[in-house]
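Secondary and tertiary structure notes
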Amino acid sequence: MPPRGLQTAVSLIYPPRCLGCGGLVDADFGLCGTCWRDTAFIGGTVCDACGQPLQGGGDVGSPHCDACLATPRPWAQGRTALIYRDMGRRLVLALKHSDRQEIARPAARWMAQAAQGILPQEALIAPVPLHWLRLLKRRYNQSALLAKALSAETGHRWCPDLLQRVRHTPSLEGLGRAARYRVLEQAIRVHPRRRHRIITRPVILVDDVFTSGATLTACTQACLAAGSGPVFVLALARVAKET
């Protein structure tokens, strides 16, 4: 750890800035009061499968939203930290498209808090993969940044290349639920040289945004087909209906 005098000098030259608006804040990797209020953190009763906020208490044992009741998910449990709107949306897009990699650290802390109590300690963290062509264009996988930071936050081991996207699929933005599932059919597999790491072992899949769940479904199915234990999903933000 740097000497206190050096830390003070650095903080004077480069004072902590809000991740959202760039204003001055008390500590690194934080949000100012205004941006914090504009960030819709998910709390209270949520769907046990996708993290969707729910009205009322629901089934206390295992509450589920209508979508997950109608189409059960292949994973065991899922959580999300933010609603994908306002500041939550701005943070996700900044991480994903604007090279704001420093957002991954606080985001992982929020995700760990959202998933508190449901993640087996022996589970292996794995990011949702990008196709190599998209990775070459973007230069980094935002889900891998989140997975690495989550590993540091929780102590779980992680594997950056557990999953491979073997087909260069088009962007899912603007597609309906059924179309998303069709696009991702047979597009993701477990890396043949990493399969031994998940035989009967729980897996925690990490992504930046949960929309329909099509990508996480394809990843979960690939893990289960390769012999993994139960799969858990964790995303930074959830596209949710306005209530």
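The paragraphs below set out a description of the structure included in this document. Source: prediction; values computed, not measured.

When helices and strands are tallied, the protein shows nine helices and seven strands. Taking all 243 residues of the protein together, 48% fall into the buried category. In the protein, of all internal contacts separated by at least 6 residues, the share reaching a separation of at least 24 is 73%. When the accessible surface of the protein is summed, it comes to about 12,700 Å², and 52% of that surface belongs to carbon and sulfur atoms.

This part takes up the packing of aromatic side chains. Inspection of the entire model under this criterion finds three aromatic pairs. Relative to Phe-41, the ring of Trp-36 has its centre 4.5 Å away and its plane inclined at 35°; by these criteria the two rings are tilted. The partly exposed category is assigned to Trp-36, whose relative accessible area is 46%. The exposure class of Phe-41 is partly exposed, given its relative accessible area of 29%. Ring centres of Phe-41 and Trp-110 lie 5.2 Å apart, and the angle between their planes is 85°; on these two criteria the pair is classed as edge-to-face. With a gap of 69 residues between them, Phe-41 in the loop between α2 (33–37) and α3 (66–70) and Trp-110 in helix α5 (residues 104–114) connect regions that are remote in the sequence. Every member of this aromatic cluster is reached through a ring pair, and the members are Trp-36, Phe-41 and Trp-110.

To continue, consider the pairing of strand β7 (residues 231–238). The element β7 is largely enclosed, with a buried count of eight among its eight residues. Of the pairings in the sheet, the one linking strand β1 (residues 77–83) to β7 comprises six bridges and is parallel in character. By the bridge assignment, Gly-78 is partnered in β7 with Val-233. Note that strand β6 (residues 203–210) and β7 share seven bridges and pair parallel. Bridge assignment links Phe-210 to a residue of β7, and that residue is Arg-238. Where the polypeptide runs from β6 across helix α9 (residues 214–225) and back to β7, its parallel neighbour, the crossover connection is right-handed.

Quick notes on the rules
Residues numbered from 1 in each chain as written. Predicted model: local features only at pLDDT ≥ 70, side-chain atom pairs only at ≥ 80, totals over all residues. Heavy atoms only, no water. Helix = DSSP H or I, 4+ residues; strand = E, 2+ residues; numbered from the N terminus. Buried < 20%, exposed > 50% of the residue type's maximum accessible area, 1.4 Å probe, protein only. Contact = heavy atoms within 4.5 Å. Areas by Shrake-Rupley, 256 points an atom, 1.4 Å probe, with all protein chains shown as cover. Phe/Tyr/Trp six-rings, centres within 6.5 Å; stacked < 30°, edge-to-face > 60°. Pairing = 2+ DSSP bridges. Right-handed = clockwise from strand over helix to strand, strands pointing away.

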